[in-house]
Structure formats: structure tokens, C-alpha cells
Amino acid sequence: MVPVGTIERVRNIARRDTSAAVLIMGEKGAGQELVALDIAYAMLCPEASEGQACRDCPVCRSPERGACPDLLIVKPRSAGDQIVVSQIVPTKEHESSSDEGRVPCVRDFLQARPLVARRKVVILGRAHRLNPAASNALLRLMEETPEHARLVLWTDAAARLLPTVRSRCLLVPCELPTFDGGEEPFVWKLGGGAPQMVAALESAPEFLLAMRSFLEWLPSARREDALKASDDFQAMADALVEAGLERETPTRSRHAALIQLLGNALCAELESGNFHWQGLLEDALEGHRFVQGMVRFDFVCDRMFTRNLPLRRG
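Residues numbered from 1 in each chain as written. Predicted model: local features only at pLDDT ≥ 70, side-chain atom pairs only at ≥ 80, totals over all residues. Heavy atoms only, no water.

(A) Representation of the overall build of the protein chain. Each helix and strand counted, the protein chain has 14 helices and 5 strands in total. In terms of principal-axis extent, the alpha carbons of the protein chain reach across some 80 × 45 × 35 Å. Scored against the burial criterion, the 314 residues of the protein chain give a buried share of 45%. A fraction of 70% describes how many contacts in the protein chain between residues 6 or more apart in sequence connect residues 24 or more apart. Looking at the protein chain as shown, the accessible area adds up to about 16200 Å², and 49% of this sits on carbon and sulfur atoms. Distance from the positive charge centre (38 side chains) to the negative charge centre (42 side chains) of the protein chain: 4 Å. (Helix = DSSP H or I, 4+ residues; strand = E, 2+ residues; numbered from the N terminus. Buried < 20%, exposed > 50% of the residue type's maximum accessible area, 1.4 Å probe, protein only. Contact = heavy atoms within 4.5 Å. Areas by Shrake-Rupley, 256 points an atom, 1.4 Å probe, with all protein chains shown as cover. Lys, Arg positive; Asp, Glu negative; His and termini not counted. Charge placed at Lys NZ, Arg CZ, Asp CG, Glu CD.)

In C-alpha cells, the structure reads:
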């Protein structure tokens, strides 16, 4: 679901095989991470053609298993964290840590030649979270990047990235997709416009069909159907796990994820001018907060539907 223009830009860069760092930037949810992976595959693949990876050779398949020795993905270590200098270059802290299970810093990783791939590639995610020391270390690395190495950065807050880092990158704007001449696809509404979620939902067609059927039935339901609606909706939490969209535990994670999907679909209805479900949306947003706060999921679902399905008239 990433716009064709963006894909063409990154494939042109991959085709030229430039050694300059690439910065993929755009609004949150525009698919920067997917685009970064796309260009990284093309840089790694020994069978790449016209800026595209073959997606079938052992090198292309290995990143999917998290097993490519020539790809390093660097991100903040946890939510709210920064990318620190020890992730970019060796420091005393980095050298004193145990070798077992240690993730190499970017400089050490890039100094070694590729083992199986065409290039050594580092994807630096959420690059705007580089702290000042890490930004300066990255700048020095950009000036002396080995010929066999490639750097791909992505961000959803380019203004917060050090200007000197931006100026040393080939910039790829990643735009939110538009749907000229037609309505947004259902999967896009359900995924809230986030390409990663849309891609995950598209790989789970049975869940997608069940969710669509439920939402198409809901406008005809009445207050007497509230408990049925609640039970049917709760059952889809297990379907999330079966579809591989959520893990079995913790249960509140998949409960919150399911309510978030409902909220996404209802938001899309409101944006199109359908205010019928405004109350249900407000209760879904509140319910999302409730289940994360350990309120029982069945109580939250019963409350959402009994409060918002209309009484049968006549």
C-alpha cells in the first residue's frame, strides 16, 4: 500500500547502487519501515535486477528469519529511548559487555566484508531519536563508509534529525497513499492507514472477512442483539491469534488490538460523514483504555454494544 512513486524512487537509488546514505522520511504511518526494508533487500540480494531483490534466493529469505549476517537493524532499545553512541561506535560500555548475545555497533558491523550478501546494510530506524553524541558519531561514519557498506535511515520526524545528517543523505519522501476516484479499501480503513498493519491484515484473509461481515451486520442489529454482538466480537480476539496478528499472551494485548481495529473502522465512517456510530467510537476508545488497565474484556464489550445498539421500534 506504499505509493508507487516512493517505490520507484527507492528502486532507482538501488539500481544506481550509490554509496550515499538513504533517508526515508514522511508522516507517521506512511510505511517508511517497509520502504527501508525494500531498499535493503535490493542492496543485499546478489540476484537483484532493476533495483529489485529477487526475493527467492537464500540471502533474500534469510532476513525474514532474522538470520542474515549482513543486515543490522538499529532502533531505540525501548519505547521512549534514544539511540545512543554505543550503538553506533565502540565505547568502553560496549566493550565491557559480554560478547555472548552482544549486538555489534554500526561501525564494527560495517568494517567486516559481507559474508553471504552483495553488501553490508544497516537500517537505522526512528533516526530522529539519535542523541547528540550518536548523531556526531554517525556523521563521522558517513564520511568514511566502506565501499561494501550501505546505510538506510528512516524517520517520521525528520525535523528532529540533525540537519548535517539530513544533508548527507539521499532523501526519499514517503507519502501517505491516496485513493483517487474510489473509496478507501476496507483493509485500509481497518488498519487505520498504517501500511504495516494493512500488510499484516492482507495476509490474514479469514480474519479480514470475519471482521468485515461483523461490521456489515452491525447497523442492522438492535439492543436485543447486544449480547450476541458482544460474544461475536470477543470471539474475534482468538481469531487474531489464529491469524498470526497477535500472540497468545498477554491477553489484554490482543483485546486492546481488536478494539483498536474496531476504532479504526469507526473513525473511517465518521470521516466519511457517517455519524451514526459516534457513541460506539467514543466507548471503543474508552474501552481500549479500560482493557489496558485490567478491566475485564467481556465487561467492556457488553458495555460498548448495550449502550450503542438502538432499541427495536414497533
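(B) Broad picture of the environment of Glu33. Looking at the element boundaries, Glu33 is found in helix α2 (residues 32-44). Taking relative accessible area as the criterion, Glu33 reaches 22% and is therefore assigned partly exposed. Residues Glu33 and Arg9, 24 residues apart in the sequence, show an inter-C-alpha distance of 15 Å. A distance of 2.8 Å separates polar atoms of two side chains, one belonging to Glu33 and the other to Lys75. (Polar contact = N/O pair within 3.5 Å; in protein donor to acceptor, adjacent residues only side chain to side chain.)

(C) Up close: the side chain of Arg150. Turning to its location among the elements, Arg150 is positioned in strand β4 (residues 149-155). On the basis of relative accessibility, which here comes to 3%, the residue Arg150 falls in the buried class. Side-chain polar atoms of Arg150 contact the backbone oxygen of Thr18, separated by 3.1 Å.

(D) Main features of helix α13 (residues 278-292). Here α13 contains 15 residues, and its C-alpha end-to-end distance of 22 Å stays within 8% of the 21 Å for a straight helix at 1.5 Å per residue. All of the buried residues along α13 are Leu280, Leu281, Asp283, Ala284, Gly287, His288, Phe290 and Val291. Along its buried surface, α13 packs onto α12 (251-271) and α14 (297-308). Positive backbone phi, approximately 80 degrees, marks Met294, located one or two places after α13. (Expected span 1.5 Å × (residues − 1).)

(E) Fine view of the packing of helix α11 (residues 226-242) against α12. In contact at an axis separation of 9 Å, α11 and α12 are set at 110 degrees when each is read in the N-to-C sense. Considering the angle they form, α11 stands roughly perpendicular to α12. Crossing angle aside, the handedness with which α11 passes α12 is right-handed. When α11 is examined against α12, the residues Phe233, Met236, Ala237, Asp238, Leu240 and Val241 are found in contact with a partner set consisting of Arg254, His255, Ala257, Leu258, Ile259, Leu261 and Leu262. (Axes fitted to C-alpha atoms, helices over the stretch in contact; angles between N-to-C directions. Parallel < 35°, antiparallel > 145°, perpendicular 65-115°, else oblique. Left-handed = near helix turned anticlockwise from the far one by under 90°.)

(F) Looking closely at the packing of aromatic side chains. According to the stated counting rule, one finds 5 aromatic pairs in the structure shown. Taken together, the ring pairs in this structure connect Phe214, Trp217, Phe233, Phe297 and Phe305 into an aromatic cluster. In this arrangement the basic side chain of Arg55 is found over the ring face of Tyr41, its NZ or CZ atom lying 3.7 Å from the centre. (Phe/Tyr/Trp six-rings, centres within 6.5 Å; stacked < 30°, edge-to-face > 60°. Lys NZ or Arg CZ within 6 Å of the ring centre and 35° of its normal.)

(G) Examining the pattern of salt bridges more closely. By the definition in use, this model includes 20 salt bridges. In this structure, the salt-bridge partner of Glu50 is Arg15, at a minimum N-O distance of 3.1 Å. Taken together, the positions of Glu50 in the loop between α2 and α3 (58-61) and Arg15 in helix α1 (residues 4-16) put the pair 35 residues apart, joining distant regions of the chain. Through salt bridges that share partners, Asp17, Arg118, Arg119, Glu147 and Arg150 make up one connected network. (Salt bridge = Lys/Arg side-chain N within 4 Å of Asp/Glu carboxyl O.)

(H) The arrangement of the sheet that holds strand β3 (residues 120-124) in detail. Across the sheet, which stays open at both edges, the 5 strands sit in the order β2-β3-β4-β1-β5 with parallel pairing between neighbours. Looking at strand neighbours, the two that pair on one side only are β2 (71-74) and β5 (169-174), the edges of this open sheet. In this sheet, neighbouring strand axes are inclined to one another by 15 degrees on average, regardless of whether the strands run parallel or antiparallel. Bridging between strand β1 (residues 21-26) and β4 involves 4 bridges; their strand directions are parallel. (Pairing = 2+ DSSP bridges.)

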